[in-house]
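What the coordinates show
Now for the letters of each chain:
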Amino acid sequence: MASSLLRSISYPDIDNGLYFRSVILICEHTPSGSFGLIVNKPLDADLPEELIDLKNASNPSIEARTGGPIAPNQMMLLHSSPTLGEQALKVAEGIYLGGDMQFLQESLNDAHGPALRLCFGYTGWNPGQLEKEFMGGNWFLTPATAPHLFETPSNKLWQTLLREMGGKYATLSMIPEDLSLN
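Residues numbered from 1 in each chain as written. Predicted model: local features only at pLDDT ≥ 70, side-chain atom pairs only at ≥ 80, totals over all residues. Heavy atoms only, no water.

**Notes on the pairing of strand β3 (residues 33–38)**
Just so we agree on the cut-off: Think of it in three bands: residues with accessible area under 20% of the maximum for their type are buried, residues over 50% are exposed, and the middle band is partly exposed, with areas taken using a 1.4 Å probe on protein chains only. To qualify as a helix, a DSSP run of H or I must reach at least 4 residues; to qualify as a strand, a run of E must reach at least 2; elements of each kind are numbered from the N terminus. Strands pair, by our definition, only if DSSP identifies at least two bridges between them.
Burial analysis of β3 places six of its six residues in the buried class, the great majority of the element. Strand direction decides the pairing type here: strand β2 (residues 23–30) and β3, joined by six bridges, are antiparallel. Within the sheet, the bridge partner assigned to H29 lies in β3 and is S34. Where β2 hands over to β3, the hairpin turn is made up of two residues, counted between the paired strands. As paired strands, β3 and strand β8 (residues 116–125) are joined by three bridges and run antiparallel to one another. Paired with S34 across the two strands is W125, which belongs to β8.

Next up, the structure:
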């Protein structure tokens, strides 16, 4: 499985908080386990302005996300800048993971800077666990693309990806969040 090109989309039945209708960018998948970042859940906390002042950022393409339940105080940078070289891992075409505070501050202050997602926390799987969950129907896989990550509104990403997958997936994309409305 070419993990760096996959995005996991949760099955509509997953209803345990953070993973409900989540889209996870798989950043690493090896025999020793998998690591990913939830990319469609906005961060539900205020960031210290002395560290990151998103309200006054010149760059309109910066957003904060809840990356997962593991180490929620740890920040990881997903971005569109290929200029960091060995400082960043290419996750998929046009999507990079990594960077330092200088890169972050320069990106915040550059009106034409890279698209950037500040992910707090991450999600992970033990060896074979992701495969087992996939085989159990908990996740759908689709290639990761920079336009989806950086241009599709986070609250529309889950539905958009399923609709674009077509067939039964497009039908699933139309299931209301609250099934009592059905």
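From this point on, the discussion continues.
**Description of the side chain of H148**
Within the secondary structure, H148 is located in helix α3 (residues 146–151). Exposure remark for H148: the relative accessible area of 12% places this residue in the buried category.

**Points about the pairing of strand β6 (residues 88–92)**
Remark: a regular strand shows side chains that alternate across the two faces of the sheet. By the bridge criterion, four bridges tie β6 to strand β7 (residues 95–98) in an arrangement that is antiparallel. Bridged to L89 within β7 is L97. Where β6 folds back onto β7 in an antiparallel hairpin, the turn is made up of two residues, including G94, whose phi is positive at roughly 80 degrees.

**Topic: the side chain of N40**
Our working definition: Identification of polar contacts relies on pairs of N or O atoms within 3.5 Å, with a donor-acceptor requirement for protein atoms, meaning one able to donate a hydrogen and the other able to accept it, and with residues adjacent in sequence counted only if both atoms are side-chain atoms. Contacts are assigned to residue pairs that have any heavy atoms within 4.5 Å of one another.
Counting through the fold element by element, N40 comes out in the loop between β3 and β4 (62–66). Look at N40 and you get buried, because its relative accessible area is 7%. Of the polar contacts made by the side chain of N40, one reaches the backbone oxygen of R21; its length is 2.8 Å. A distance of 2.8 Å separates a polar atom in the side chain of N40 from the backbone nitrogen of V23. Residues in contact with N40, not counting those within four places in the same chain, are R21, S22, V23, R65, S154, L157 and W158.

**Comments concerning the confidence of the model for the chain**
Our working rule: The pLDDT value expresses, per residue, how confident the predictor is, ranging between 0 and 100.
Mean pLDDT over the chain stands at 85; residues scoring 70 or higher make up 85%. Counting interchain partners and residues more than four positions distant, the pLDDT-below-50 stretch residues 1–6 has 21 contacts.

**Details of the state of the cysteines**
The cut-off we apply is this: Pairs of cysteine sulfur atoms within 2.5 Å are identified as disulfides in what follows.
Per the stated rule, a full pass over the model turns up zero disulfides. The thiol of C27 is not disulfide-bonded; the next cysteine sulfur, from C119, is found 7.9 Å away. Residue C27 is classed as buried on the basis of its relative accessible area, which comes to 5%.

**Points about the nonpolar core**
Rules: Put simply, buried Ala, Val, Leu, Ile, Met, Phe, Trp, Tyr and Cys residues joined by side-chain atoms within 4.5 Å make one nonpolar core.
Counting residues in hydrophobic clusters, the biggest one holds 24 residues, and the most contacted among them are L25, C27, L37, V39, L78, I95 and L97. For this core, the secondary-structure elements that each account for two or more residues are β2, β3, β5 (70–79), β6, β7, α3 and α4 (154–165). Among the elements that take part in this core, α4 stands out by supplying four residues, more than any other.

**Description of the pattern of salt bridges**
Close approach of charged atoms lets side chains of opposite charge pair. Note the cut-off: The working definition used for a salt bridge is a side-chain nitrogen of Lys or Arg within 4 Å of a carboxyl oxygen of Asp or Glu.
For the structure on display, the rule yields three salt bridges. Note that E63 is salt-bridged to R117, the shortest N-O span being 3.8 Å. Linking E63 in strand β4 with R117 in strand β8, this pair joins segments that are 54 residues apart in sequence. For E63, a relative accessible area of 31% corresponds to the partly exposed category. With relative accessibility at 3%, the residue R117 sits in the buried group. Across the salt bridge formed by K90 and E93, the nearest N and O atoms sit 3.0 Å from each other.

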